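# Geometric and topological summary
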Amino acid sequence: VKKLLFIILCAFIALSCGCSDRVDIENRGYILGIAIDAYPPIPKGLEGKKEENEEKKMELMPLDTGKPMYTMTVQMPIVAKSSLRVKAGTSGKGGSDEERSWEITLAGNSFFEMNREIAARTNFRPFYEHLQVIIISDEVARKGLANVLDFFIRDPEMRRRTKVYITKGEAKKVLDVRPRIEDYSSIYLAKITDNAVKSARIIYKTDLGELVKSIHLGLDSTLPIVEGTKDEIKEAGIAILKDDKMVGSTTGDHLESIKYISNLHKGGVETAKIPGRENAIATLEVKNVKTKTTPKISGRIPTFKIDIKVRGDYIENINIDTHGKIDEEYLRTMEKVFADSIKKKCMETIKLMQEKFKADVFQFEMILRTEEPSYWKKYKNEWDDIFPEVKTEVNVSVEIQQIGTSR
Amino acid sequence: MCREERNTMKNKKLSPSHAFTLTGAAILGTRVLELPYTAAVVAGNDGWISTLLAGILSIISGLILFKLVTLYPDKDLPQIVQEIGGKYLGKVLLIPLIVYTLLVPGFTIREFSGEVKILLLDKTPISVIMFILLLVIVLTLKKGITVLASCVDIVFPILIVVLILSLALSSTQAELVNIKPILFENTGNVLKGTLSTYGAYTGYGMITYVACHISDRKNLFKWFIAAQIVTGILITSMVLITLLVFGPTEIKTLVYPLLSLVKAVEFPATLFERLEILMVFTWIPSVFSASSIFCFASVRNILVLFNLESKYVNTVIYIHLLLLMAIAYFSGNVLQSEEYSWRIDEMALFIGLVFLPLLTIADIIKKKKEAKV
C-alpha cells in the first residue's frame, strides 16, 4: 500500500506542477516592443492599398465596451531570421533583406484583452518578460497615461525598468524602423538611452517604474520624444507631462537645462561662443555635474537657490587659434564663459516651464515636500498656482580639469 | 539517530551554532516579504525606523525569553508553560501558542505559494504548490530536529548571500529623497509601526523549542543574540532600501514590494536581469525552513497539550498537513490574507510582549518564593 501511495504521489507531483508550466523557448513569442496609438493607425506600407482593408479586419475584434479607443502593436522577433542566426548559417550574410520581426496590431479598449487577442493571430505565446520599450503616440499621451499604463504595471510579466517613449504621430512607425546594425528597433531604441552619459539631450531615466511613481505622487515629469525614419531612430526633444497628461513638448537643449537643475546630468557637451572673437566657439566635455537646490521660504512664494557645479575637459575650439597659447588666465575666462552660457540656458528653461507649460518638471515640489514639510503641508494644494511665481537664483561654477593632448 | 529519539523529537545533537541558523531562518522566512508594505502603510517614509525599533524590541523580548529557557534547560516552551501553569491552567495557557504556531506557517505558505504562482508557475493550481511545500515539511519533521537543523544549515547561508546581493544591486536605484522628511510629525505613526512590524521578528521565539536540544549551552546565548542582530540588520536594511527605491506612496500600490524591488534591478550585466527568479528559488527553501521550524513547535505544543505518547508523533505531524492546508485555504485572496496577517501580528504582540514576559516574571517570583520556603 505504501509503495502504491508513493507512486500515486510521485505521479501527482509530476503531472500537476512544474512541467505543466513549461513552455519551450522556441514556442515563446518574445515581445520586445509595444507601440500604443489612438485607433486607427494605417499599417506599414499598406496606406491606400487593398491589403490595408484585410489588415484592418485582422486588427479588429468584437468588443463588449463599444468602439475601440486604442491600438496596440507588438514587435516579436523572428528568431530564425536574426542576423546572428544568418551569420551562423551557410550564407554568412548578416544583412538579409527579409523582415526580422513581426509587428502585430490589435484595436481595443483593454490592453490585456488585446494582448490575449494577439495570441489568436500567432502560434507563439506572447511573453513580456523581455519587453524593452513602450512607445506611445502624443495623441494618446495628451489624453492621459494612467489608464494606458495600468496593465503594464499590474501584469506580473512586466518589468518596471521597461523604457517609455512618446512619439509625435504614429507610434507604430517607430517599431517599423529597420535599424542598420541592431536586428530589432526596440532593442536599438532601448540602447539609445544608455548614451545619456555622452549626450545630455537624452533622458537618463525614462522607465515605466519612474513614470508611474511620478503619476502616483502627482508630480510633473518628462518623457523623451522619439522620431523614426526608415532605418533610424532619434531622440528629438522631450514631452512635458503634467500629472499623467502630456501638455506640450520642447527641444533637447531644454532637457540639458532640466538635467542641470534637477541634478540628473550624467555627462555631455557644452558649447559656447567666445566673446570678442567673431564666430569663435569653444567646447567643454562635461564630465561631472553636482547640483544643490536650497529652498528659501518667506511667505507664500518660495525662492530656490540652485548651485550648479560643473567639471569637464576643454575639448575643442573653432575659429580661434589656441595652440601653444592656453594658460591659466584663458582657462579661467573660458570657465566663466561656459558658466554664463549654462546659467542663461537654465534661466530660459525655468521661464519657459513657468510661463508656457506651468509644469514643475524640475520637481521643486519634491524639495519642498522633503526639506520644508511645514511649508508644504500649508501650501500643497496651491502648488500649481504657486509654481509659475516661484523665484529662482541660479549660480553656476565651471571647473576645467583637462585640455586634451594639445596646449 | 535512534527511533526513540526521532519519535520524541528530542535529541541533544544540536550545536550552539544551530541557535543562530534555526532562529535566523525562523525570523527571515516568515512575514518578511510583505513587511515593507506594512511599514510604509503605518509609518510612511519613517517605516524603516519602526522596523529598526521593532528589531530592538524583539531583542529585549528575546532576552526575557532566554532567561526562561535558562531556568528550564531540559524543557521546551510547552513543557515550561505546563510546569509553571500547572495541570489545567498550563493547558489553557498553551492554546494561544498552538494557535499562533499553526497560523504563522499556514499563512506564510499561502502567501508565498501565491507569489510562486504569479512569478513561476502560473498554470499550476495554488493548492498543488501549497501541498507539495507542506509535504516536504511533513517529511522533514518526521525525520526529527537534527535533519531539520541540517537542512536549515544549508539553506540559511544561501538566503543571507542572495538577500545581501539583491539589496546591494537594488540600492543603485535608491534616492534619499524618498525617506525624507525624517520623523516630521510622524512619531506616533512610527511607534504604531513598531508594533505592527514586530510580528516579523517573532521567529526568535523558536529558541524556546530548540534550546533543549542543544548539548553544549556555553555559547548558546551568543549565537542566539547574533541571530537576532544579523536578521534585525537585514530586515531593517530591506525595508530601508525598498523605501529608498520606491518611496512610501509607491510601496502602498505594490502587492509584493520586495519582489518588485528585485524585479526593478537594473544592472549592466544581463545575468542579473532575472534576479527575482534567483530570489524566489532561494526563498522557497527559506519558507520551507521557517515553516518547518514553526510546525515543529506546533507539533510539540499539541503533543504536550494532549499528553500524547511518542508513538503518536507521526499522527500529529500528518494532522498538521491537513490543518495547515485548511488554514492556507481559509486565508482567501491576497487582500483577505493580508487582513488576517495583521491579526496574527497582533497575536504576536500579545504573546511576545505580554504573555511570555509575564510567564517569565511569574516563574521567577514563584522560584524565589520556593527558595525562601
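Residues numbered from 1 in each chain as written. Chains lettered and ligands numbered in written order. Predicted model: local features only at pLDDT ≥ 70, side-chain atom pairs only at ≥ 80, totals over all residues. Heavy atoms only, no water.

## Regarding the overall build of chain B
Selection rule: Think of it this way: any DSSP run of H or I at least four residues long counts as a helix, any run of E at least two long counts as a strand, and we number them from the N terminus. To sort residues, take the accessible area from a 1.4 Å probe on protein chains only and compare it with the maximum for the residue type: under 20% means buried, over 50% means exposed, and anything in between is partly exposed. What makes two residues a contact is simply this: any of their non-hydrogen atoms within 4.5 Å. Residue exposure ignores everything except the shown protein chains as possible cover, and the areas themselves are Shrake-Rupley values with a 1.4 Å probe. The charge count treats Lys and Arg as positive and Asp and Glu as negative. His and the chain ends do not count. A single reference atom marks each charge: NZ on Lys, CZ on Arg, CG on Asp, CD on Glu.
Check the secondary structure of chain B and you find 15 helices and zero strands. With the C-alpha coordinates aligned to their principal axes, the bounding extent of chain B is approximately 65 × 45 × 35 Å. Relative to its full complement of 373 residues, chain B shows a buried share of 59%. Put simply, 84% of the contacts in chain B that link residues at least 6 apart link residues at least 24 apart. Looking at chain B as shown, the accessible area adds up to about 14500 Å², and 70% of this sits on carbon and sulfur atoms. Between the averaged position of the 31 positive side-chain charges in chain B and that of its 25 negative side-chain charges there is a distance of 11 Å.

## Regarding the pattern of salt bridges
Residues and elements named next belong to chain A. Selection criterion: Any carboxyl oxygen of Asp or Glu within 4 Å of a side-chain nitrogen of Lys or Arg constitutes a salt bridge here.
Within this structure, the stated rule accounts for 32 salt bridges over all chains. A salt bridge links R159 to E129; its shortest N-O distance comes to 2.9 Å. Of the two residues, R159 is situated in the loop between α6 (146-154) and β7 (163-167) and E129 in the loop between β5 (125-127) and β6 (133-137); the sequence distance between them amounts to 30 residues. Like E129, R159 is buried. With a shortest N-O distance of 2.8 Å, E182 and K191 are connected by a salt bridge. Residue E182 is classed as partly exposed on the basis of its relative accessible area, which comes to 23%. What you see here is one network of salt bridges that share partners, running through R201, E256, E270 and K345.

## Remarks on the packing of helix α4 (residues 47-71) of chain B against helix α15 (residues 334-372) of chain B
Residues and elements named next belong to chain B. For clarity, the threshold we go by: To get an axis, a line is fitted to the C-alpha atoms, and for a helix only the part in contact is used. The angle between two axes follows their N-to-C directions and goes from 0 to 180 degrees. Crossing chirality is assigned from the near helix's rotation relative to the far helix, an anticlockwise turn below a right angle marking it left-handed and a clockwise turn marking it right-handed. Residue classes follow a fixed rule: Ala, Val, Leu, Ile, Met, Phe, Trp, Tyr, Cys and Pro count as nonpolar, while Asp, Glu, Lys and Arg count as charged, and any other residue, Gly among them, counts as polar.
Taken N-terminus to C-terminus, the directions of α4 and α15 make an angle of 35°; their axes are 10 Å apart at the nearest point. Seen from above, α4 lies across α15 with left-handed handedness. Touching L57, S61, I64, L65, K67, L68 and L71 of α4 are G352, L353, L356, P357, L359, T360, D363, I364 and K367, all from α15. Of the residues belonging to the contact of α4 with α15, the class tally is 10 nonpolar, three polar and three charged.

## Description of the confidence of the model for chain B
Residue and element names in this part refer to chain B. Our working definition: Per-residue confidence from the predictor is reported as pLDDT, which spans 0 to 100.
Averaged over every residue, the pLDDT of chain B is 89; the share at 70 or more is 95%. Per-residue pLDDT stays below 50 along residues 1-8; that stretch engages in 17 contacts with residues further than four places along the chain or on separate chains. Across the interfaces of the predicted complex, the ipTM metric reaches 0.83, alongside a pTM of 0.88.

## Things to note about the sheet that holds strand β13 (residues 303-318) of chain A
All names here are of chain A. What counts here: Any two strands are treated as partners once DSSP identifies two or more bridges connecting them.
An order of β11-β12-β13-β14 is seen for the four strands of this open sheet, with the pairing classed as mixed. Bordering the open sheet on either side are β11 (268-273) and β14 (391-402), each of which pairs with just one other strand. When the angles between neighbouring strand axes are averaged without regard to direction, this sheet yields 40°. The pairing of β11 with strand β12 (residues 281-296) spans six bridges and is classified as antiparallel. By the bridge assignment, V269 is partnered in β12 with E285. Along the sheet, helix α11 (residues 328-357) makes contact with β11, β12, β13 and β14, crossing β14 at roughly 145°.

## Thoughts on the packing of helix α3 (residues 35-43) of chain B against α4 of chain B
All names here are of chain B. Our working rule: Roughly parallel refers to an angle under 35 degrees, roughly antiparallel to one over 145, roughly perpendicular to one between 65 and 115, and oblique to any angle outside these ranges.
As a packed pair, α3 and α4 sit with axes 8 Å apart at the nearest point and diverge in direction by 115°. By the criterion of interaxial angle, the relationship of α3 to α4 is roughly perpendicular. When you trace α3 past α4, the crossing you get is right-handed. Residues L35, A39 and A43 of α3 form the contact with α4, whose participating residues are G47, S50 and T51. Looking at side-chain class alone, the contact of α3 with α4 contains three nonpolar, three polar and no charged residues.

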